[in-house]
Amino acid sequence: MLHLHSLEDLSLQKTWLTIGIFDGVHCGHQEIIRHLTAGAKRANAAALVISFYPHPAAVLGKRKNVKYLSLPDEKAELLEKLGVDVFLEHPFDQEIATLSAKEFMVRIEKRVQLKKMLIGYDFALGKDRQGDAEYLTALGEKSGYAVQTFEPLLSEGAAISSSRVRDALADGHVRDAHHLLGDPCTLCGSVIHGDGRGRKINIPTANIEIKAEKITPKNGVYATWAILQGKKHPAVTNIGIRPTFTPDKERANIETHILGFSKNIYGEELKLELVERLRDEKKFSSVNELLQQIHADIEKAQEILK
């Protein structure tokens, strides 16, 4: 897959297109993208996905401290797995925000030979969200491309959305998030040095540093898969402030005890798949009490990860 960052780099002949934020690339997004890639392949056309970054809500001041389900590189990886040919991660700024739907589509048509556009039921493009399905369909008829609108994909009677995934993670319901995403919620980062307490109590942990704009689930202890150099290892992950030792800490640590693993992996990239929440964080009265709970967490995680 070709991953581009500017419309100026785009040059395609016969093309099928979908546009959206696609945060998390959840099951609803995947429904559209699978139709895009399958249809484009049958038509001998390129499958193009255009997404925006940063999130328009952040640029327009509609939402503070936007957290992403999928950062741009993660989104690119998910789209590539779905068979997308070209992913344009279009910068979103105040200049783009002032463009009408027609002006933005004209820019695209100068770069691609557009044959079909696929959009979600609630999609709208351009200033004041002028470019809804009805508007874009009429625009396409004049410009020579077809527009297909997709109804929402439902789960438990409600539309699957990025907001539902965020709400699930805020409650620590990572299994529900997995169901909506179609894939486990993941956290990726380089292994950094911690304070060494885990090794002192014979429970070594790998601390990872993730980007501040990446969403994390509710603080707590989770059964996880730790993926290192392409190999999966069962693990227990704590997300939080470690109230027994650092109760005044504000930003959560992410530290993972990889079961039966003791190699030095500082500086290496570690990916965590969150499987199930085991419990809340809690403050323990002694290290022995903490150790008893950790061993109970390990036993429970092993059962879950069988």
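Our subject is the structure that appears above.
Quick caveat: nothing in here was measured; it's all calculated off a predicted structure.

A short note on a negative patch on the surface
Together, E156, D167, D171 and D176 line one region of the surface with negative charge. Positionally, D171 belongs in the loop between α7 (162-170) and α8 (174-181).

Brief notes about the layout of surface pockets
Of the voids in this model, the largest pocket is the one considered here, and its volume is about 1200 Å³. Lining of the largest pocket is provided by 45 residues; of these, I21, D122, F123, A124 and R129 occupy positions nearest its centre. Of all the secondary-structure elements, those providing two or more residues to the lining of the largest pocket are β2 (12-19), α1 (27-42), α2 (56-59), α4 (94-97), β5 (112-120) and α7. The element contributing the most residues to the lining of the largest pocket is α1, with 4 residues. Taken together, the residues of the lining of the largest pocket sort by class into 22 nonpolar, 13 polar and 10 charged.

Concerning the nonpolar core
Grouped together as the largest cluster of nonpolar side chains are 31 residues, with contacts concentrated most on I19, M105 and M117. In contact with M117, other than residues within four places in its own chain, are L17, I19, M105, F123, L136, Y145, A146, V147 and Q148. Within the second largest apolar cluster, 29 residues are counted, among which are C27, V191, I254 and L272.

Description of the sheet that holds strand β10 (residues 206-209)
What the 6 strands build is a closed barrel, ordered β9-β10-β13-β12-β11-β14; its pairing is antiparallel. Between one strand axis and the next, the sheet turns through 45° on average, direction left out of account. Bridge count between strand β9 (residues 185-192) and β10: 3 bridges; the pairing is antiparallel. Bridge assignment links I192 to a residue of β10, and that residue is N207.

Re the sheet that holds strand β1 (residues 2-4)
The 6 strands lie next to each other as β1-β4-β3-β2-β5-β6, forming an open sheet whose pairing is parallel. Each of the sheet's edge strands pairs with one partner strand only, and the pair in question is β1 and β6 (146-150). Strand-to-strand twist in this sheet, taken as the mean axis angle between neighbours without regard to direction, amounts to 25°. Relative to strand β3 (residues 46-53), β2 is paired through 5 bridges, and the arrangement is parallel. When the bridges of β3 are listed, I19 appears paired with I50. Running over the sheet, helix α3 (residues 72-81) touches β1, β3 and β4 (86-91) and is turned about 155° from β4.

Remarks on the side chain of H90
When you line up the elements, H90 lands in strand β4. Setting aside its immediate chain neighbours within four residues, H90 contacts L7, I50, S51, F52, Y53, I96 and F104.

Let's talk about the pairing of β2
With 6 of 8 residues buried, β2 is to be regarded as a mostly interior element. Summarising the sheet, β2 and β5 pair through 6 bridges and their orientation is parallel. When the sheet's bridge partners are listed, W16 is paired in β5 with K116.

Some points on α7
All buried positions along α7 are accounted for by S162, V165, R166, A168 and L169. For α7, the angular spread of the buried residues around the axis is 160°, confining them to a single face. Looking at the buried side of α7, the elements it contacts are α1, α8 and β9. A positive phi of about 80° marks G172, the residue just after α7.

As for the environment of A158
Tracing the backbone through its elements, the reader meets A158 in strand β8 (residues 158-159). Those residues in contact with A158 that sit more than four places away from it in its chain are L153 and R164.

A closer look at the packing of aromatic side chains
Here the structure, examined in full by the defined rule, presents 3 aromatic pairs. Aromatic pair F52 and F92: ring centres 5.7 Å apart, planes at 80°, arrangement edge-to-face. With F52 in strand β3 and F92 in the loop between β4 and α4, the pair connects residues that are 40 residues apart, well separated along the chain. F92 shares its class with F52; the two are buried.

Reading guide: rules and limits
Residues numbered from 1 in each chain as written. Predicted model: local features only at pLDDT ≥ 70, side-chain atom pairs only at ≥ 80, totals over all residues. Heavy atoms only, no water. Patch = residues over 30% accessible without salt bridge, like charges linked within 9 Å, V, L, I, M, F, W, Y side chains within 5 Å. Areas by Shrake-Rupley, 256 points an atom, 1.4 Å probe, with all protein chains shown as cover. Salt bridge = Lys/Arg side-chain N within 4 Å of Asp/Glu carboxyl O. Lys, Arg positive; Asp, Glu negative; His and termini not counted. Charge placed at Lys NZ, Arg CZ, Asp CG, Glu CD. Helix = DSSP H or I, 4+ residues; strand = E, 2+ residues; numbered from the N terminus. 1 Å grid on protein atoms, 1.4 Å probe; cavity = no way out; pocket = protein on both sides within 12 Å on 5 of 7 lines; lining within 4 Å. Points joined across faces, edges and corners; volume = space filled by probe spheres on them. Nonpolar A, V, L, I, M, F, W, Y, C, P; charged D, E, K, R; others polar. Core = buried A, V, L, I, M, F, W, Y, C linked by side-chain atoms within 4.5 Å. Buried < 20%, exposed > 50% of the residue type's maximum accessible area, 1.4 Å probe, protein only. Contact = heavy atoms within 4.5 Å. Pairing = 2+ DSSP bridges. Axes fitted to C-alpha atoms, helices over the stretch in contact; angles between N-to-C directions. Arc of directions from axis to C-beta. Phe/Tyr/Trp six-rings, centres within 6.5 Å; stacked < 30°, edge-to-face > 60°.

Such coordinate-based values are descriptive only and should not be taken to indicate function.
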